[in-house]
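Geometric and topological summary
Listed below are the residues making up each chain.
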Amino acid sequence: MRFLPALVLDALLVLVFAAIGRASHSEDPTGFLITAWPFLVALVVGYALAFLLPGRPRRPWSILWGVVVWVVTVAGGMLVRVLSGDTAAVPFIIVATITLGVFLLGWRGIAALVRRRRPHGPQLE
């Protein structure tokens, strides 16, 4: 299960997003799971959809995988929030889209840069 570390990191970032959001509205940050659970459900669905995409190899740390996970996490999270009786105001949708985009794509972009800078194979001097 080589996608598990990426899933754990993404889930932690969703939890951070929820905790920061609650704290920024002077809400009890310990209730961040109330905010996070719809996005965590959508995150798992996003991983399943990214896994089913055609193409090899499947790399959970790739930008393409991240884009699929990001879009599904935001859209699915908002849908689950609304279906569960919570709200999804336009400002919240905008902030969630931007923040989760930075979180879910940001670490993948950094990983891509690190992989590109890493020497490939033995170096001859």
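Computed from a prediction, not measured in an experiment: that's the story for all the values here.

Cut-offs and rules
- Residues numbered from 1 in each chain as written.
- Predicted model: local features only at pLDDT ≥ 70, side-chain atom pairs only at ≥ 80, totals over all residues.
- Heavy atoms only, no water.
- pLDDT = per-residue confidence, 0-100.
- Helix = DSSP H or I, 4+ residues; strand = E, 2+ residues; numbered from the N terminus.
- Expected span 1.5 Å × (residues − 1).
- Bend = angle between axes of the 7 residues up to and from the residue.
- Buried < 20%, exposed > 50% of the residue type's maximum accessible area, 1.4 Å probe, protein only.
- Patch = residues over 30% accessible without salt bridge, like charges linked within 9 Å, V, L, I, M, F, W, Y side chains within 5 Å.
- Areas by Shrake-Rupley, 256 points an atom, 1.4 Å probe, with all protein chains shown as cover.
- Salt bridge = Lys/Arg side-chain N within 4 Å of Asp/Glu carboxyl O.
- Core = buried A, V, L, I, M, F, W, Y, C linked by side-chain atoms within 4.5 Å.
- Contact = heavy atoms within 4.5 Å.

1. Describing the confidence of the model for the chain
The predicted structure's coordinates, where accompanied by low pLDDT, should not be read in detail. With 92% of its residues at a pLDDT of 70 or more, the chain shows a mean pLDDT of 90. Ranking the helices and strands of the chain by mean pLDDT puts helix 3 (residues 63-83) first, with 96, and helix 1 (residues 4-24) last, with 94.

2. Focus: helix 2 (residues 32-52)
In this model helix 2 runs 30 Å from its N-terminal to its C-terminal C-alpha over 21 residues, within 8% of the 30 Å that 1.5 Å per residue would give. Where helix 2 bends most, the angle comes to about 30°, and this point is Pro38. Residues Thr35, Ala36, Pro38, Phe39, Ala42, Leu43, Gly46, Tyr47 and Ala50 constitute the buried set of helix 2.

3. Quick notes on a nonpolar patch on the surface
Where nonpolar side chains cluster on the molecular surface, the patch consists of Trp37, Val41, Val45, Leu49, Phe51 and Leu52 and spans about 560 Å² of accessible area. Mapped onto the fold, Leu52 is located in helix 2. Judged by relative accessible area, which is 63%, Leu52 ranks as exposed.

4. Concerning the nonpolar core
Counting residues in hydrophobic clusters, the biggest one holds 22 residues, and the most contacted among them are Val14, Phe17, Phe39, Leu43, Tyr47, Val69 and Leu100. At the level of elements, helix 1, helix 2, helix 3 and helix 4 (90-117) are the ones that each hand at least two residues to this core. Discounting residues that sit within four places of it in the chain, Phe39 has contacts with Val14, Phe17, Thr73, Val74, Gly77, Met78, Arg81, Phe92 and Leu100.

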